[in-house]
Amino acid sequence: MKGIGVSPGISIGKAFVIKKDKTFVTSVLLKNDLEISSESERFNLAVDLAIAEIESIKTNRELILTEEDIAILETQIEFISDPQLKEDVIEKISGDKKNANDALIEVTANLVELFLNMDDAYMRARAADIQDIGSRILKHLNGSVKSDTQQFEPDTIIIAEDIAPSDTITMDTRYITGFATQMGSKTSHAAIIARSKGISAVVGCGDSLKLIKDGDVIILDGISGQIYINPDQQLIDEYRAKREDFIKQSEKLKALRDVPCVTTDGESIMLTANISGADDLADVFENGGEGVGLLRTELLFMNRDTFPSEEEQFEFYKKVALQSKDKSVIVRTIDIGGDKQLSYFGLPIEQNPFLGYRAIRICLDRTDIFITQLKAILRAGVFGDLKIMFPMISNVEEVRAAKNILAEAKKELQEEHIPFNVDIKVGIMIEIPSAAITADILAKEVDFFSIGTNDLCQYTLAVDRMNEKITHLYDPFNPGVLRLISNVIEEGYKHNIHVGMCGEMAGDPLATLLLLGMGLKEFSMSASAIPAIKNIIISHSLSSAQEVCKKIMEMDSSSTIITYLQDLAQ
Ligand code: PEP
Ligand code: MG
């Protein structure tokens with residue numbers, strides 16, 4: 001069976017199948033005010049108990065919690081404590097006369113859907129947190145609170161529909177060597193946690209995973225996404241040898257942390273990471289990242305009732321700047337809108353959200369929001385090497401308008417006698433085909449480009465990046481996409497500006513030589529992908545990568561290109 005390999009490693013062990021109790025809406029309506037107030041009270045108590053339960057997990061000494069685990073628990077407390085969640089449920093109890101269980105299930109389902117429909121993969125993955133919180137409160141509503149920790153035998157492989165953040169925290173993961181889930185993507189929680197704990201994982205296996213029973217012997221390959229059920233001895237031996245190789249290779253990669261990322265013929269390449277806040281930085285430096293190629297600022301604007309103030313934003317960016325210790329950090333201005341809604345902003349529902357009122361388009365329209373963010377970044381720029389990046393640029397007028405507003409922000413700070421970085425570098429994301437084609441024009445306006453292949457791919461190929469039915473068409477190796485990327489890099493060179501890439505393609509080992517050969521100078525990716533990409537770069541010369549690139553650019557189809565690159569990787 002095959003899924004998506006999201007946490008590399010090979011594990012061979014026994015299956016432990018986790019079945020989640022399904023909850024259904026009962027549709028029993030409340031009859032009077034007495035019932036309404038008793039259901040409201042029951043819900044409020046369940047919320048308090050859920051918070052207390054998470055607090056007790058946080059302080060349970062038997063569980064060895066990582067910083068990431070604590071961060072997840074804290075996020076969950078934040079989500080549960082959000083007055084909006086309480087208000088929505090209470091509104092359904094008192095307004096729609098729903099009982100507390102039904103009200104909570106409906107509100108949770110709506111929130112999960114909202115998050116699942118978000119543009120940003122990180123945000124989409126937060127749906128698992130919401131579902132997890134909903135289940136936790138529900139458990140307290142039902143009065144069935146099971147023990148915290150689950151123990152396993154050595155070499156256990158967890159098989160589940162999905163793995164919730166709190167599952168991974170309360171599981172004693174010492175003996176778990178693999179996760180396989182029916183649902184999920186590269187950025188789902190199971191994947192993030194598995195990577196951070198060094199557990200191999202395959203997600204998105206679909207219904208076929210239901211074939212696995214407790215105690216089945218499983219081979220799980222977190223690199224290729226392959227899973228074997230009750231394999232014969234020959235296959236087990238083959239995979240044991242592969243596992244040995246993988247372990248040796250990982251040790252070697254870990255040792256690369258402090259090795260400079262330079263090709264064998266002396267070309268220095270910058271490897272940076274995509275993050276959402278200061279808490280992600282430890283992981284970046286542990287993996288040998290040299291800075292941040294993309295700080296997504298949307299998280300700062302979500303899970304709240306109003307826009308964050310300039311002061312609040314300043315503290316957020318300052319923390320990142322200080323903890324980055326003078327390493328370059330590219331701060332992207334807000335990329336909201338379309339399907340990435342902020343409840344308090346009241347954006348209209350649109351026919352084509354990806355083509356709609358979003359990102360820089362909102363910022364140029366609502367200069368009040370934009371100026372506040374720019375002032376906060378400019379001020380934080382005194383504490384580290386922060387750069388500003390505008391998303392979703394489609395033409396030169398937008399760049400000029402954004403720069404004018406930046407000048408206005410600087411003027412205001414000057415008048416207020418507040419220190420800021422006057423010479424802050426300004427760049428744009430190249431993620432719309434018109435921007436990629438007119439890179440020569442745009443290059444004259446900015447200090448750097450960062451290629452956003454996630455959106456560039458969807459707009460070039462007319463393939464909605466969220467639609468599961470057409471994922472096979474979402475293809476960064478399409479010659480059309482490659483020509484655009486190549487043009488952007490070439491024009492960057494001609495105009496002497498830095499060109500990086502912060503789309504997922506930058507962390508795909510299959511694309512590394514090609515992008516290196518095109519002349520890409522900065523690869524920004526999830527922190528855990530850095531060592532493997534570094535290994536490829538330092539084992540090749542720029543001239544050999546240029547040869548690879550030249551051959552590929554003459555090929556006529558993505559399948560030929562992918563086969564050629566796969567053969568090379570072998
Ligand atoms: C991109 O579009 O490639 C990108 C990095 O931005 P996001 O995934 O946040 O749209
Ligand atoms: Mg984008």
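Since we're looking at a predicted model, the values are computed, not measured.

### Describing the overall build of the chain
1) Next: Secondary structure summary: the chain contains 23 helices and 15 strands in total.
2) Next: Its C-alpha atoms give the chain a radius of gyration of 25 Å, within 12% of the compact-globule value 25 Å for 570 residues.
3) Next: A principal-axis box enclosing the C-alpha atoms of the chain has dimensions of 70 × 70 × 45 Å.
4) Next: Counting every position in the chain, which comprises 570 residues, the buried fraction comes to 52%.
5) Next: For the chain, the proportion of contacts with a sequence separation of at least 24, taken over those separated by at least 6, is 68%.
6) Next: About 25,600 Å² of surface is accessible on the chain, with carbon and sulfur atoms providing 52% of the total.
7) Next: Taking the average location of the 59 positive side-chain charges in the chain and that of its 88 negative ones, the two points are 2 Å from each other.

### Quick look at the site of ligand 1
1) Next: Neighbouring ligand 1 are 14 residues; Arg 296, Arg 332, Gly 452, Asn 454 and Arg 465 lie closest to it.
2) Next: Take Glu 431: an N or O atom from its side chain is 3.0 Å from an oxygen atom of ligand 1.
3) Next: When each cavity is represented as a set of grid points, ligand 1 is found to reside in the largest cavity.
4) Next: For the shell around ligand 1, the secondary-structure elements that each account for two or more residues are β9 (291-296) and α18 (453-461).
5) Next: With three residues, the single largest contributor to the shell around ligand 1 is α18.
6) Next: Of the residues belonging to the shell around ligand 1, the class tally is three nonpolar, four polar and seven charged.

### Section: a nonpolar patch on the surface
1) Next: Taken together, the side chains of Leu 322, Val 382 and Phe 383 define a hydrophobic patch exposed on the protein surface, amounting to about 250 Å² of accessible area.
2) Next: For Val 382, the location among the structural elements is in the loop between α14 (367-380) and β11 (386-390).
3) Next: The exposure class assigned to Val 382 is partly exposed, which follows from its relative accessible area of 44%.

### Digging into the layout of surface pockets
1) Next: One number sums up the size of the second largest pocket: a volume of about 470 Å³.
2) Next: Lining the second largest pocket are 27 residues, with Asp 82, Gln 84, Leu 111, Leu 114 and Phe 115 positioned closest to its centre.
3) Next: Contributions of two or more residues to the lining of the second largest pocket are made by α2 (67-81), α3 (83-94), α4 (100-116) and α6 (127-141).
4) Next: If one sorts the elements of the lining of the second largest pocket by residue count, α4 sits on top with seven residues.

### A few points about α18
1) Next: Along α18, seven of the nine residues are buried, which leaves the element largely enclosed by surrounding structure.
2) Next: Three or more residues of α18 are buried, namely Thr 453, Asn 454, Asp 455, Leu 456, Cys 457, Gln 458 and Tyr 459.
3) Next: Taken together, the buried residues of α18 touch β9, β12 (426-430), α16 (433-437), β13 (448-451), α19 (479-494) and β14 (498-501).
4) Next: Count one or two residues on from α18 and you reach Ala 462, which has phi positive near 55°.

### Observations concerning the coordination of the magnesium ion (ligand 2)
1) Next: In the first shell of the magnesium ion (ligand 2), the protein supplies Glu 431 (OE) and Asp 455 (OD), at 2.0 to 2.1 Å from the metal. Taken together, the residues Glu 431 in the loop between β12 and α16 and Asp 455 in helix α18 connect sequence positions 24 residues apart. Exposure class is identical for Glu 431 and Asp 455. Each is buried.

### Brief notes about the sheet that holds strand β3 (residues 156-160)
1) Next: The strand order across the open sheet formed by seven strands is β1-β5-β4-β3-β2-β6-β7, and the pairing between neighbours is mixed. Both outer strands of the open sheet, β1 (4-7) and β7 (227-229), are each paired with one neighbouring strand and no more. If you compare each strand with its neighbour and ignore which way they point, the axes differ by 30° on average.
2) Next: Of the pairings in the sheet, the one linking β3 to strand β4 (residues 176-181) comprises five bridges and is parallel in character.

### Regarding the side chain of Glu 310
1) Next: Summarising the element assignment, Glu 310 is placed in helix α12 (residues 310-323).
2) Next: Beyond its immediate stretch of four places on either side in the chain, Glu 310 contacts Thr 372, Lys 375, Ala 376, Arg 379 and Leu 413.

### Some details on the domain arrangement of the chain
1) Next: Each assigned domain of the chain is listed with its residue range as follows: domain 1 (4-20 + 148-231), domain 2 (33-141) and domain 3 (270-569).
2) Next: Put simply, the middle of domain 2 and the middle of domain 3, counted by C-alpha atoms, are 33 Å apart.
3) Next: Taken residue by residue, the interface counts 13 residues in domain 2 and 15 residues in domain 3.
4) Next: Taken over both partners, the interface formed by domain 2 and domain 3 buries close to 1,300 Å², and the fraction arising from carbon and sulfur atoms is 54%.
5) Next: Linking domain 2 with domain 3 are zero salt bridges, by the criterion used here.
6) Next: Joining domain 2 to domain 3, the criterion identifies zero residue pairs in polar contact (both at pLDDT 80 or more).
7) Next: Top element by residues in the side of domain 2 that touches domain 3 is helix α5 (residues 121-125). It accounts for three residues.
8) Next: Per-class residue counts for the side of domain 2 that touches domain 3 are seven nonpolar, two polar and four charged.

### Description of the nonpolar core
1) Next: In this structure, Ile 137, Tyr 317, Phe 390, Phe 449, Ile 485 and Phe 523 are the most contacted members of the largest nonpolar core, which totals 134 residues.
2) Next: The residue makeup of this core includes at least three contributed by each of domain 2 (33-141) and domain 3 (270-569).
3) Next: Beyond its immediate chain neighbours, meaning those up to four positions away, Phe 449 contacts Ile 428, Ile 430, Ala 439, Leu 442, Ala 443, Val 488, Ile 497, His 498, Val 499 and Gly 500.
4) Next: In terms of nonpolar packing, the next biggest core, distinct from the first, is built from 15 residues, Ile 18, Ile 163, Ala 190 and Val 203 among them.

### A short note on the pattern of salt bridges
1) Next: All told, the structure shown has 27 salt bridges when counted by the stated rule.
2) Next: Between Asp 96 and Lys 92 there is a salt bridge, with its nearest N and O atoms 3.8 Å apart.
3) Next: Residue classification places Asp 96 among the partly exposed residues on the basis of a relative accessible area of 37%.
4) Next: Assessed through its relative accessible area of 17%, Lys 92 is described here as buried.
5) Next: The salt bridge involving Glu 445 is made with Lys 403; its shortest N-O contact spans 3.2 Å. Here Lys 403 lies in helix α15 (residues 396-415) and Glu 445 lies in the loop between α17 (439-442) and β13, a separation of 42 residues in the sequence.
6) Next: With a relative accessible area of 28%, Lys 403 lands in the partly exposed category.

Conventions adopted
- Residues numbered from 1 in each chain as written.
- Chains lettered and ligands numbered in written order.
- Predicted model: local features only at pLDDT ≥ 70, side-chain atom pairs only at ≥ 80, totals over all residues.
- Heavy atoms only, no water.
- Helix = DSSP H or I, 4+ residues; strand = E, 2+ residues; numbered from the N terminus.
- Rg over C-alpha atoms; globule rule 2.2 N^0.38 Å.
- Buried < 20%, exposed > 50% of the residue type's maximum accessible area, 1.4 Å probe, protein only.
- Contact = heavy atoms within 4.5 Å.
- Areas by Shrake-Rupley, 256 points an atom, 1.4 Å probe, with all protein chains shown as cover.
- Lys, Arg positive; Asp, Glu negative; His and termini not counted.
- Charge placed at Lys NZ, Arg CZ, Asp CG, Glu CD.
- Near = heavy atom within 4 Å.
- Polar contact = N/O pair within 3.5 Å; in protein donor to acceptor, adjacent residues only side chain to side chain.
- 1 Å grid on protein atoms, 1.4 Å probe; cavity = no way out; pocket = protein on both sides within 12 Å on 5 of 7 lines; lining within 4 Å.
- Sits in = over half its atoms within 2 Å of the grid points.
- Nonpolar A, V, L, I, M, F, W, Y, C, P; charged D, E, K, R; others polar.
- Patch = residues over 30% accessible without salt bridge, like charges linked within 9 Å, V, L, I, M, F, W, Y side chains within 5 Å.
- Salt bridge = Lys/Arg side-chain N within 4 Å of Asp/Glu carboxyl O.
- Points joined across faces, edges and corners; volume = space filled by probe spheres on them.
- Donors = N, O, S within 2.8 Å, 3.2 Å for Na, K, Ca; no water.
- Pairing = 2+ DSSP bridges.
- Axes fitted to C-alpha atoms, helices over the stretch in contact; angles between N-to-C directions.
- Domains from an automatic or database assignment.
- Buried area = accessible area lost by both parts, 1.4 Å probe.
- Core = buried A, V, L, I, M, F, W, Y, C linked by side-chain atoms within 4.5 Å.

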